[in-house]
Structures are given as structure tokens and as C-alpha cells.
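This is what each chain is made of:
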Protein chains: 4
Amino acid sequence: MTNDLFPISFTCDYNEGAHPDILRRLLETNLQQEPGYGCDRFTQSAITKIRQAIACPNADVVFMVGGTQTNATVIDGLLPRYGAVIAVSTGHIAVHEAGAIEHTGHKVIPLTHHDGKMHADELRNYLVRFFADDTWQHMANPKMVYLSFPTEYGTIYSRCELEEIHAVCQEYGLLLFVDGARLGYGLSSPEADIDLPTLAHLCDVFYIGGTKVGALCGEAVVFPKGNAPQPLLTIVKQHGALLAKGRLLGIQFDTLFTDNLYFRISRHAIDMAMKLQQLFLDKQIPLFILSPTNQQFPILTDDQRKRLDGKVLYEVWENLTDGRTVTRFATSWATPIEHIRLLAEVL
Amino acid sequence: MTNDLFPISFTCDYNEGAHPDILRRLLETNLQQEPGYGCDRFTQSAITKIRQAIACPNADVVFMVGGTQTNATVIDGLLPRYGAVIAVSTGHIAVHEAGAIEHTGHKVIPLTHHDGKMHADELRNYLVRFFADDTWQHMANPKMVYLSFPTEYGTIYSRCELEEIHAVCQEYGLLLFVDGARLGYGLSSPEADIDLPTLAHLCDVFYIGGTKVGALCGEAVVFPKGNAPQPLLTIVKQHGALLAKGRLLGIQFDTLFTDNLYFRISRHAIDMAMKLQQLFLDKQIPLFILSPTNQQFPILTDDQRKRLDGKVLYEVWENLTDGRTVTRFATSWATPIEHIRLLAEVL
Amino acid sequence: MTNDLFPISFTCDYNEGAHPDILRRLLETNLQQEPGYGCDRFTQSAITKIRQAIACPNADVVFMVGGTQTNATVIDGLLPRYGAVIAVSTGHIAVHEAGAIEHTGHKVIPLTHHDGKMHADELRNYLVRFFADDTWQHMANPKMVYLSFPTEYGTIYSRCELEEIHAVCQEYGLLLFVDGARLGYGLSSPEADIDLPTLAHLCDVFYIGGTKVGALCGEAVVFPKGNAPQPLLTIVKQHGALLAKGRLLGIQFDTLFTDNLYFRISRHAIDMAMKLQQLFLDKQIPLFILSPTNQQFPILTDDQRKRLDGKVLYEVWENLTDGRTVTRFATSWATPIEHIRLLAEVL
Amino acid sequence: MTNDLFPISFTCDYNEGAHPDILRRLLETNLQQEPGYGCDRFTQSAITKIRQAIACPNADVVFMVGGTQTNATVIDGLLPRYGAVIAVSTGHIAVHEAGAIEHTGHKVIPLTHHDGKMHADELRNYLVRFFADDTWQHMANPKMVYLSFPTEYGTIYSRCELEEIHAVCQEYGLLLFVDGARLGYGLSSPEADIDLPTLAHLCDVFYIGGTKVGALCGEAVVFPKGNAPQPLLTIVKQHGALLAKGRLLGIQFDTLFTDNLYFRISRHAIDMAMKLQQLFLDKQIPLFILSPTNQQFPILTDDQRKRLDGKVLYEVWENLTDGRTVTRFATSWATPIEHIRLLAEVL
């Protein structure tokens, strides 16, 4: 084994560029003149294909560049000024977006998480108590629930769990927003019992992540019932989220939704993740969570970490009090099976 | 002349993809694993090259995706909460950014424009009167001046004009921010008497536009004196302006600042614009403004517009009361000389 | 004439405390226990009386403490996040509120003023051009018109002028908001041809100023059609505008709207202002504007100003290039006729 | 016992008007002409007296109208745009201010509370982990700690506890802000081991609550080290917190800080609260928390609540699962001993 092959990285799912089909398409169309701001033909084609894929012919679809931008724009675009959004305490908007949601003026109300997930009954309890309180008008008013699919811990909601949360939202007049930064990896999991049309049916807005699933950048925001806030272009631009060369996003999603590319590459990442999981289990390395998606959380000893040093990169998730370390290994559309083999050798 | 060649578009300078060198570089580096958020080697290399190009070895450089996002992040990142920014009434932030600056809480104070430019003496007059007013504490406090180079009308500031504005800013404790969305086209104008290092010397922050000058997307924000607000990554992320795959921006600017590509392609756009200008003058078509950069503003009659119909695209700028129309024709790094020839034939 | 009587002040209409009836009522009710946040009986009574005075039995009425707070809460409470408000360039929200409106995220679009007033045709022109512009979605979207009655220059709108502006608002879907910080003085002007019910009929929201018309503090915000944004208490509190001891505002407005006190004291201020105006005219002192309300704008020479020095206080409005000074003399509910006589003697 | 005496209210500490000395002073000074916005002589006198009371001759002191307004203005005025504030999960800003802090763009980071209080070691743990996290720049950056004295549960910090929290703040560069809406009641508690100068020494900003301690409205914000953000008037006005008739606040605090009135009336409220506490203990009514200040939290049975019905008002705090109810009884400067006696009779 030569050292030329190292280091290899499992740090995250955005370590590489884009799927080669996307780059090829960028090259082919490069000098075609198109209008800006999403009025180009690629974007229109991508919208058509996404509507088909979610079985919502009247859906509004708009493309943005990255996750935090998308979360802030969607939440602020849909909430009334006084509205708050409920998320689990580990939710991306609650922790890792530098206060971008509060920056737009909205409180993020944290609920307890269970392996990264929200429980419908705890959501209901919160809302029951909120509205039973005589002083509720003195509190930030919950108007939206934010979930991630998959969650920060790689876990996914079952159809039944989503239906329950959706029902609570309906009952209390809250919008349901699903952050799908890694949606492909969630829906391609062997544990997943929903598909895109089902997801679209069960929420008010969600996005199909591109940045982590094969694109250079880009998230496709979907309002399944044609329920985007209007004037949408103004709202998106006000948040700095309107790309001049919208074609860059249009071409990428048009390619990802041609010949099922988005799910084909997602499944590859899941295959690699399952091999990774098996590898850890084979090596008697305990897993912090038994994640069914592309993020795996092995608990490593110092000794094991030293062996990986300089050869295999990964993310430190949490230091345990016994000296061991919870780590995160992420696969992606780009992970070669060779990397799994190399990791096995090093371990 | 076959109709296959039409329509051709002079609508704006972001009708095409990216300079081929950029696409080639994206392909070459595609599977190289790099960390996210601008910690990749391409971004670091781009920063080094930009520091050299502006002759500021200690400059802070950060890449963002688009213009409005950049303006909002820079202005909100540098201003105190109560600070306002002064711009001419036609400034991009004053008119065409959907209120994105006010969305971050800051007033845009409009001054009269002169062919898109601010006059230093009018700026001084405003500030003299502001601080002479006993009630100044009841007014939004001007803490920054925003200019575009070139302006919305394609005009550029002379070195002397910039020095005067800079001096007023220094005297009154205002930051000077130069929006360089089309900076290459401004600095490459035959009328320009400043270069990048001079610009860097005369302002507190500026950006080098990529979206309109050869990139798929991207603006390089420069704080020449190492004076970026800190923690910069947090501030950028809070505004939704931090790209996960920072490499996309790094590779593009690294390429644009290799072998002077940025200015070579800018000069091409200017050459094409000057030919366009000459063409209009030859055809006795008056120009609304004698722009020295890549945007030209011919005043067309209905008859002339009919001839262009379906063949040549351009932007309507303003309807004159005499029935004629001020239009905008933009060239770019991508404009082929053939397009000028075709336009000449149609006119 | 003894010096004990000096200095006297015409600086503004909030130089004194409150009308004695209000203080008396505060004393009488002081130990009566009442719930907070506007649920007290005084507030309820004040609401009933105001509904009668404006002939709108279903109006929503809410009390806030001061003008800037009220403007920011009303505008932010009614506008969508992307909405902008149109005001004349001299409007209070455009100049003298420290950017409080932009602080809530909304652009203030300035129109030319005519003695402080907006012209309906200029408003219409602005809106016609705005919506005719292909790029309107890239601009802050006007959703409200803000007027003051009377204006910063003491002028008032005629019924006809208000009807025209109202009609333009209706046509373009804009809300009409009338800042009535000095409403009593406007409606009590000899030139006024509207009354409270007419005003209520012609706008979507307005407020009846207390701070400048006899109260210690307080503005009564009226949504004539029961069209307050909901949940109103939450929205008001989110803006820091909900008073714990709402009784303080309730008692004051209950008193002001008992036995027509609000208009009786307003008329007194107007009577004093007309005497002031006559005094200046008699002394051949030119008036900058022939104001029909409680603010008068004499143009004084240095010599005249010296005579007033240390004896009579007023506000400097503007320095003219010929060395003279536009000044503002304000009367109020509290101005004693003796002060007019003293001023006459000094002049 | 006649029914005329009922109902009596222990609902909160703002059920009455103001201390009679304040009303008398308002009457005496009513027609004295004074400038607005806190430039009046009463305000200046109040500032002088407060500086003496806290033993900080260079302190900045500014008066605002109410608590939420004060919290939002202070926090937003002192924090950088990206800064977050840490509070316990039951803190007023975290729960009962309708998201007013987030409305200004800042995240409120919740820590676990212990009878309403923050523990210094838990604060330190949070900060240690925050800055040890490689991804801290992706998170809202804690720059301030917010405490209440007394807390929502009536508890108070000991000198030692405050010193520890202060030390953690100093170590990590956080500002310490103490919400003193009920400060008088806290400092007058038999358990209190600090006084005003000590408090001023241990924090960066705090306020002396007037609304709940004898004033009609008003909070005195103190920056003990002369460290108010500048320009202070602009910042206060931008938040809608600048009162035109600043005299209303100046007169009240000038009166409250004359002859120690503020603490004399605070002590009365505490005396009444201790009698209330004794009464509950005598009647074998358990207390939810043994509060040393003016709020008492008896746990009542349905039977006991029925006896109070229509006669004695109080606030419902929390419904216990066993059917009993945690209630809050608040005393104030205005509570007559007669009310305690009447309550005893009813119980």
C-alpha cells in the first residue's frame, strides 16, 4: 500500500466537486445565452422534472444556493413577523446556523430530541400547554415545525411518525417544513418507508438538497401545493438568495432529475455507508447511533484514532468522559469503494 | 445571413456560463477531496493571488456567491446597529435589491446622482448639515458610503474623484465601500486612471465581481487593511452567505487571477463595447450617456426597435416622453465579435 | 416687566406635563386595583369613547406610549416582511426616527414633499412606473402610504386631497396610515374640512396623538375597520410597546375623550397659534409657511433673535443663505395667552 | 366583614397607580416648562441621585418606559450583530417577551434553571464546550449573560453566586446584564447580602425597575462604568424607547431616590410578603418555592381556591398533576396590611 493514496476523507459529504454528468452539462451549455434569475430554459426544465418526481403538478419550485440561506429564506418568507419555529434542540437551525434564523427575527423554540428526531406527542404537549396558558399572547407564537430528513444523527422519520407530526401541525395551524439537505440519502435508506411524493404530501414546504448530493451547490425548495409566499422573487432576493446566473442551479437539478441520477447516486452513498457500518461492527467498534443513512458514528479509542492519523480524515462529534471519542464518518455520491477498503486496512 | 444565428442577446453580462478555463479547472480538480467553507487549497491560493494583485499582503479576502448577498453581508457586518449607509439614489442597494439592506436593519440614505455618480462636495454638504443639526441624534447615523465602480450607468470615478470622496469619509469617520460587481470592466476602461492597488488603497472594503466577469457565480470581498469584522465566518454564515463547497468559489477566482485572466477578459468586453458605441454613433443613434465601460445606452426609435425584434435582445432602460426608448446593450467576456457584426447588419 | 416671567418656551408642544384633569383623574383612581396590559376598566372605557368619537363601533383601538414606537409597531405589524412604506422626504419616519422603521426591516421610499404634503398624482405616478417596470420584483414592494396630519410643516390635507390619496391606495392595494401625533391641532385648524369620523373612513389605520395634546404620554392607535393585525397583544409586546400599567394610558385617553376635552384644548392651542401668526405679521416678520396649525415658522433676523435671547425659547428650523433663520414657534394646550403678550413685548 | 372590601388582588405588583409622593410631584411641577427627551432638570437630578446611590459617579443612566423595551434595547444596543445572550430557560427574555429579543436579531441561548437561577459552573461548562468545539464559528456567539434579580421564582442570587458568574463572564469576554424589574424587592429581602453599589460593581449593565416598585412606568438603566453604547440617544430612539416627555420618568425616579423612598416602599412589600408567607405556613398551605421576596407561591387545593373565588385574586402559575395548583401571590409597595388580614379571614 503506497502512501500516495492517503489521506482519504470521510469528513463530510461535500468534500468533492460535482457529479461528472453535471460538469459535462455545464460545458455543453456554456455559451448558450439565457436570461438570468431562473428564467432560463434549464431551470424551467428542472422545475418540470421535479414536479413529476414529487407528483405535484402545481408545486412551486425555487432554487437557492445553500442550506442556511434556504432555511432562513423559507422560514422568514412563510412566518408572520411574530411567528416562531419549533425544532429539536439538535436541529441545524437551532445550533449550527450562527443564529441566522434569529437574525431574521424569529425565535427557534427547542424541543427535546431523540436520536435527532422530534416526537409527535411531545410536540403536541408543548402546543397544548402553550395555548392553555393564559399568558400565551406574551410568548413567541409557534407557527411552524422544522424537521430534518435525515436528522443530524443520520436517523430518519418513518411514514407513521411524519403523519403524526403532520396531524399535530394541522390541528394547531402550524406549517411543516422539512430540511432535506441530505434528502436523497434519507429516502434511499433501506429503512425509509416513504418516497418523494409521500413527503411532498405530508409537508407544506421542503427542500431537495443538492450541495451534499452531487451538485456543486444548490437546494431545490418545493412548495407542493403551489403555496409559495408571493412575490417569491422579491422575497428570495431580499434575503440575498437570488442567483443572477440561475442557469447554474437549473442545469444541475435538471441533470440530477434526469434518468433518476439523484437517487442513483444517493443509493451509492448508502451502499458505501452500509459497508462502513459493517466494517465498524466487524472490528468491534461500537456505534453511537445505528444510523441508516450516509453518516456513521463510530466510537473510537485513542489507539484507533492514532492509527488513522494522517491517513483517514473524519469529524470529531463528541468527547466521551471515558476518553473515547464519538466520530462521524460520512459517505457521499463520490465515495469510491476503494476508500472503504483503505480504511479497513488502516484499522 | 441565416436565421439560425438569431436571436443574439446584449441583455446583460450574465447571459452565458463561465470562461472555459474555469470549467476546465473544475473538471481537473473535481474529485480532489478538500475541506469545506473556504478552507480548501484553491481558496487559499486565490486569496494569495488577490493579495498580490491588490498589493495588500495583509488583506482579508472572503468569497461570496452573489452581489445582493455580498452587499447585505458587508454593510450589516461592518455597520453598527444604528448606522446608515449613504448611496446615490440610483445605487444598486438603493433601488434594485428588494430592500435587502433595510432587511438587515440599516437605512440607505439617498444622495442625488450625476450619471450614476456621487459628488464629493454634495456628500460633504450632507454631512456638514447633518452634524450641524442639533437633532442629529434623532436621525439615522451615516457611517458608510457606498459607491459602484462602474456605476449603474456605466460611468466610472476618476482617481481624483475617489480621493475626494475618500477624504470626506476619513474626515467624518465613515467607511468607504466600493461595489465592484463589474470591477473588471471599470478598471479596463480606456478612461480609467486607477488600478486595483489604488482602489484598495482608497477604500475600506470592496469586492471584485466574478458573476458578471467570467465566473459562474462569485464575488471576492476584500478588506485591504486586514480589517474584516470578526468572527468573519460567523458573520458570513449568519447572513446565509457561507458556501459549503467553498472550492467552487476558490477555483474560479484562482483561475481568474492566474495569468491575468480577469483583466484579459474584461478588456475584451470593453473592446466589444467600444465597437458597439462606434456602431451606434456611425448609425446616428444617439447615446443617453457616453459610457466608457461595457454597458452602452443607445436611444432607439420604434422603427429601429422593430428591426431588432426577434433578432437582437437588449434591456429597456427608460421610456422617453417623445416616444423613443433608452435601451441598454451590455457586452461581456463572452461577447463574440460576430454579434457586433450581426447587430450592424440588422440595424 | 419683571425677569421672573422669563424664559418662556415655544420650543415644542411637549414642554409641560399633562392637562390638570388628567392628573386629577390619576390621583382619584390611584389605589383602585386593576389588571395590567390594557385589561383595566379605564382602557375599556377609553376605547368605547374613541369608537363613538370616530363613529366606528367595530374599530380596534390600542394604546402605545410614544410616536416612534407607534410608527414602528404599526408599520411592521401591518406590512409583510418584504413591504415598503411610501412617505414624503420630510416625513417623520423618513428623517427623525433614527432609522426605527428600517430597524424593523422595511424600506421607507421617499417622495417629494410640497410644504410637507404628498401629492396624490405624484404618488400615482410613482406606482404606475413601479409596476410598469419589468424589474419591479427586484425592488422593495410598496404596500403602505404614510402621511402626517398635520405635517412636519404644520400643513394639513383637505378632504379632497385625502380622498385622492385614499383612492390611489385602494387602486394599488396599499394601506393608508395617518400619523396623528398632532391630530387634535390638525382637526381644530380653521382650515380643516374633515373631522375624526371622516379621517377614520379614509384610512386603514391612524393614531390620535396624546403626548403633544395634553397627555403625559400616549398615542391611541385606531384600526377603524376592526382590522388590527392579530394576535395584537403579541405584536405590540414583541415591539416593546406593551405597557404593564396600561391604566396610565387608559385613564389619560378616557379623560381626553370625556366632555370633548381633547378638542377643547386643541382649539385653545390653535387660537394661541393664530394670535402668534398675527403677531408676526403685525411686526412685518415673514413666515416661511402660512401654517394653519399650532406650529408657526417665522423667519427672524439676527437682530430679532438677539432680542429674544435668554427670554424666549424656540426651535431653529433652517439657516437661510442670506443670514436669516427660519424658526419654529409651537403652541400647545398649555400655552397661556400671557406668553403671547410677553413675546410681543420682547419683539 | 362587608363585601365592599372585595375583591382584593394579589395578582401582580402593578395593579395600582404610583406612590402618592410621585403623583404629588407630578402635580407640583406640571406647568414648569422643560426640554424633551431627558434633557429636563428632573431627569438630570434623578441621574445624580442614582449615581450616588450606586456609588458610581461616572455611570451612564438612561430611563426607559417598560421592561421588555428595556431588555430589547439594552441587549441589542450592546451586542454585536452576531452576538447571542445566555439566559436560564425560565428567564423573562427567554419566555415572556413575545420573542422581542429575537426580533432584534439575537438568539437567546437557554441554560437549565434552578429555582429560576443560573449556576456559574453550568455557565462555565457551556462556554468551555462552546469554544472547544471546532465548529464554534458556525454557532451563534455568546456575548452576554442575562440574569434577573430577583428571578421569575422570586429567588435571589447571593453575593458569592454573583461573583462567580461575573468571574466566568470576565474570563470569556461576556457582558453581564441584570434585569432588575423588581430590584427593590430583591435588595430589600432579608436574604439579600448585596446592596446597590455591590450590584453595580458586579455587572456591566443593570436596571432599577420602577413599574413594579412604585412608579406609573419606568426603568432606570445603569451602565456603571460609563460604558453605555454611543450615540445612546440614537440607539434608544431607534428602538422606539425614547420618551418625548422624559420629565415623566425623571420626576418619578427623582422622587423614588429622594429620602430613600425606593427602598422604604420595597421593604414594605417584603414585610407584607413575609406575613403572607407566614400566613400560608400557619394554614399548612405548602409553598412551591420558599421565596424570600415579594412573590409567594402557595400550592392550593380546589377547595381552597373555591373559598377565594370572587374575593381574592391571584395568578395561576402551574397545574400540578395531583389536581392542586401552584399559584402566585404578589405584594407590592401598595399592599395594605388590611389585605393580608382579609385573605386570612377568607382562607
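Here goes a summary of the coordinates provided. What you are looking at is a predicted structure, and each value in this text was computed from that prediction instead of being measured. (Residues numbered from 1 in each chain as written. Chains lettered and ligands numbered in written order. Predicted model: local features only at pLDDT ≥ 70, side-chain atom pairs only at ≥ 80, totals over all residues. Heavy atoms only, no water.)

Looking at the overall build of chain A
Here is step 1 of the chain: From N to C terminus, chain A includes 14 helices and 13 strands.
Here is step 2 of the chain: Since a compact globule built from 347 residues should have a radius of gyration of about 20 Å, the 21 Å found for chain A is in line with a globular shape.
Here is step 3 of the chain: By its C-alpha atoms, chain A is 60 × 55 × 35 Å across when sized along the principal axes.
Here is step 4 of the chain: Intrachain contacts of chain A at a sequence separation of at least 6 include 72% that bridge at least 24 residues.
Here is step 5 of the chain: Total accessible area on chain A stands at roughly 11,900 Å², and carbon and sulfur atoms take up 50% of it.
Here is step 6 of the chain: On chain A, the mean spot of the 29 positive side-chain charges and the mean spot of the 39 negative ones are 5 Å from each other. (Helix = DSSP H or I, 4+ residues; strand = E, 2+ residues; numbered from the N terminus. Rg over C-alpha atoms; globule rule 2.2 N^0.38 Å. Contact = heavy atoms within 4.5 Å. Areas by Shrake-Rupley, 256 points an atom, 1.4 Å probe, with all protein chains shown as cover. Lys, Arg positive; Asp, Glu negative; His and termini not counted. Charge placed at Lys NZ, Arg CZ, Asp CG, Glu CD.)

So, the relation of the copies chain C and chain A
Here is step 1 of the chain: With an axial shift of 0.0 Å and an RMSD of 0.0 Å, the rotation relating chain C to chain A amounts to 180°. Put plainly, the chains are arranged around a two-fold axis. Relative to the rotation axis, the closest C-alpha in chain C is found at arginine 81 of chain C, a distance of 3.5 Å. (Least-squares fit on C-alpha atoms with pLDDT ≥ 70 in both.)

A word on the interface of chain A and chain B
Here is step 1 of the chain: Across the boundary between the two partners, chain A contributes 47 residues, which contact 47 residues of chain B.
Here is step 2 of the chain: Taken together, the two surfaces of chain A and chain B that pack against each other cover about 3,900 Å², and 58% of this comes from carbon and sulfur.
Here is step 3 of the chain: The largest contributions to the chain A side of the interface with chain B come from Gln33, His103 and Lys245 of chain A, which together make up 19% of the buried area.
Here is step 4 of the chain: The tally of links between chain A and chain B comes to 0 salt bridges.
Here is step 5 of the chain: At the boundary of chain A with chain B, the tally comes to 24 residue pairs in polar contact (both at pLDDT 80 or more).
Here is step 6 of the chain: Within the residue set of the side of chain A that touches chain B, elements represented by two or more residues are strand E1 (8-9), helix H1 (20-28), helix H3 (67-78), helix H5 (100-103), helix H10 (232-238) and helix H11 (247-256) of chain A.
Here is step 7 of the chain: In terms of residue count, H1 of chain A provides more of the side of chain A that touches chain B than any other element does, 4 residues in total.
Here is step 8 of the chain: Classifying every residue of the side of chain A that touches chain B by side-chain character gives 22 nonpolar, 18 polar and 7 charged. (Buried area = accessible area lost by both parts, 1.4 Å probe. Salt bridge = Lys/Arg side-chain N within 4 Å of Asp/Glu carboxyl O. Polar contact = N/O pair within 3.5 Å; in protein donor to acceptor, adjacent residues only side chain to side chain. Nonpolar A, V, L, I, M, F, W, Y, C, P; charged D, E, K, R; others polar.)

Describing the relation of the copies chain A and chain B
Here is step 1 of the chain: With an RMSD of 0.0 Å, the operation that places chain A on chain B is a rotation of 180° combined with a shift of 0.0 Å along the axis.
Here is step 2 of the chain: A high fraction, 100%, of the interface residues of chain A reappear at the interface in chain B, so the copies pair face to face through one surface.

Looking at the packing of aromatic side chains
Here is step 1 of the chain: The final tally for this structure, using the stated rule, is 72 aromatic pairs over all chains.
Here is step 2 of the chain: The interplanar angle of 10° and the centroid separation of 6.1 Å between the aromatic rings of phenylalanine 131 of chain A and tyrosine 172 of chain A together place this pair among those described as stacked. Highlighted residues: phenylalanine 131 of chain A in helix H6 (residues 120-132) and tyrosine 172 of chain A in helix H7 (residues 159-172), separated in sequence by 41 residues.
Here is step 3 of the chain: Centre to centre, the rings of phenylalanine 297 of chain A and tryptophan 317 of chain A are 5.0 Å apart; their planes meet at 65°, and the pair counts as edge-to-face. You can see phenylalanine 297 of chain A sitting in the loop between strand E9 (295-296) and strand E10 (299-300) and its partner tryptophan 317 of chain A sitting in strand E12 (residues 315-319), a full 20 residues away along the chain.
Here is step 4 of the chain: The exposure class assigned to tryptophan 317 of chain A is partly exposed, which follows from its relative accessible area of 24%.
Here is step 5 of the chain: A connected cluster of aromatic rings, assembled from ring pairs, spans Tyr126, Phe130, Phe131, Trp136 and Tyr172 of chain A.
Here is step 6 of the chain: Lying across the ring of tyrosine 157 of chain D, lysine 117 of chain D places its NZ or CZ 5.5 Å from the centre. (Phe/Tyr/Trp six-rings, centres within 6.5 Å; stacked < 30°, edge-to-face > 60°. Buried < 20%, exposed > 50% of the residue type's maximum accessible area, 1.4 Å probe, protein only. Lys NZ or Arg CZ within 6 Å of the ring centre and 35° of its normal.)

Focus on the sheet that holds strand E6 (residues 175-179) of chain A
Across a sheet, strands are paired by hydrogen bonds formed along the backbone, either parallel or antiparallel in direction.
Residue and element names in this part refer to chain A.
Here is step 1 of the chain: Strands sit in the order E2-E8-E7-E6-E5-E3-E4 across an open sheet of 7 strands; the sheet is mixed. This sheet does not close on itself; its edge strands, each paired only once, are strand E2 (60-64) and strand E4 (108-111). Ignoring strand direction, the axes of neighbouring strands in this sheet form an average angle of 25°.
Here is step 2 of the chain: Here 2 bridges tie E6 to strand E7 (residues 205-209), and the two strands are oriented parallel to one another. (Pairing = 2+ DSSP bridges. Axes fitted to C-alpha atoms, helices over the stretch in contact; angles between N-to-C directions.)

Section: the sheet that holds strand E8 (residues 219-223) of chain C
Residue and element names in this part refer to chain C.
Here is step 1 of the chain: Here 7 strands make up an open sheet; going across it, the order is E2-E8-E7-E6-E5-E3-E4 and the pairing mixed. The two strands at the open ends of the sheet, each matched to only one other strand, are strand E2 (60-64) and strand E4 (108-111). Neighbour-to-neighbour, the strand axes of the sheet open up by a mean angle of 25°, direction not taken into account.
Here is step 2 of the chain: With 4 bridges joining them, strand E7 (residues 205-209) and E8 adopt antiparallel strand pairing. Bridging across to E8, isoleucine 208 finds its partner in alanine 220.
Here is step 3 of the chain: Contacts between helix H11 (residues 247-256) and the sheet are confined to E2, E7 and E8, with E2 contributing the most and set at about 115° to the helix.

Comments concerning the packing of helix H2 (residues 41-54) of chain A against H11 of chain A
Residues and elements named next belong to chain A.
Here is step 1 of the chain: Close contact between H2 and H11 brings their axes to 7 Å; oriented N to C, the two are set at 40°. Taken together, the axes of H2 and H11 are oblique relative to one another. For the crossing formed where H2 meets H11, the hand is left-handed. In contact with Phe42, Thr43, Ser45, Ala46, Lys49 and Ile50 of H2, H11 contributes Arg247, Gly250, Ile251, Phe253 and Asp254.
Here is step 2 of the chain: Counted by class, the contact of H2 with H11 contains 5 nonpolar, 3 polar and 3 charged residues. (Parallel < 35°, antiparallel > 145°, perpendicular 65-115°, else oblique. Left-handed = near helix turned anticlockwise from the far one by under 90°.)

As for the interface of chain C and chain A
Here is step 1 of the chain: Chain C puts 20 residues into the contact, and the matching count from chain A is 20 residues.
Here is step 2 of the chain: Carbon and sulfur atoms make up 53% of the area that chain C and chain A hide from each other, which totals about 1,700 Å².
Here is step 3 of the chain: Among the residues chain C hides against chain A, the three largest losses belong to Arg81, Tyr82 and His138 of chain C. Together they make up 38% of the total.
Here is step 4 of the chain: Summed over the shared surface of chain C and chain A, the number is 2 salt bridges.
Here is step 5 of the chain: With a shortest N-O distance of 3.1 Å, arginine 81 of chain C and aspartate 76 of chain A are connected by a salt bridge.
Here is step 6 of the chain: For the interface between chain C and chain A, the tally reads 12 residue pairs in polar contact (both at pLDDT 80 or more).
Here is step 7 of the chain: When the residues that make up the side of chain C that touches chain A are grouped by side-chain class, the tally is 9 nonpolar, 8 polar and 3 charged.

Focus on the pairing of E2 of chain C
The side chains of a regular strand alternate, first on one face of the sheet and then on the other.
Residue and element names in this part refer to chain C.
Here is step 1 of the chain: Counting buried residues in E2 gives 5 out of 5 residues, a clear majority hidden from the surface.
Here is step 2 of the chain: Residues Asp60, Val62 and Met64 of E2 are buried on one face, and the alternating residues Val61 and Phe63, pointing to the opposite face, are buried as well.
Here is step 3 of the chain: With 5 bridges connecting them, E2 and E8 associate as antiparallel partners. Note that in E8 the partner of phenylalanine 63 across the bridge is alanine 220.

Digging into the state of the cysteines
Here is step 1 of the chain: Under the definition given, this model contains 0 disulfides over all chains.
Here is step 2 of the chain: Cysteine 39 of chain B takes part in no disulfide bond, and the closest cysteine sulfur to it belongs to cysteine 12 of chain A, at a distance of 11 Å.
Here is step 3 of the chain: Of all cysteine sulfurs in the structure, the one in cysteine 203 of chain B sits closest to cysteine 56 of chain B, which takes part in no disulfide; the separation is 9.1 Å.
Here is step 4 of the chain: Looking at cysteine 56 of chain B, the relative accessible area reads 13%, which means it is buried. (Disulfide = S-S within 2.5 Å.)

Here we look at helix H14 (residues 337-346) of chain C
Here is step 1 of the chain: Taken as a whole, H14 of chain C has its buried residues at His339, Ile340, Leu342, Leu343 and Val346 of chain C. Each buried residue of H14 of chain C lies within a common arc of 165° when the element is viewed along its axis, so the set occupies one face. (Arc of directions from axis to C-beta.)

A few points about the pairing of strand E5 (residues 141-148) of chain A
All names here are of chain A.
Here is step 1 of the chain: Here E5 lies mainly inside the structure; 7 of its 8 residues are buried.
Here is step 2 of the chain: In this structure, E5 lies alongside E6, joined through 5 bridges in parallel fashion. By the bridge assignment for E6, tyrosine 146 is matched with phenylalanine 177.
Here is step 3 of the chain: A crossover links E5 with its parallel partner E6, the connecting element being H7, and its sense is right-handed. (Right-handed = clockwise from strand over helix to strand, strands pointing away.)

Details of the packing of helix H12 (residues 261-282) of chain A against helix H14 (residues 337-346) of chain A
Residue and element names in this part refer to chain A.
Here is step 1 of the chain: Relative to each other, H12 and H14 sit at 10°, their axes nearing to 10 Å. Here H14 runs roughly parallel to H12, going by the angle between their axes. Of the residues in H14, those in contact with Met272, Lys275, Leu276, Leu279 and Phe280 of H12 are Ile337, Ile340, Leu343 and Ala344.
Here is step 2 of the chain: For the contact of H12 with H14, the residue count by class is 8 nonpolar, no polar and 1 charged.

No statement about biological role is implied by the geometric values presented.
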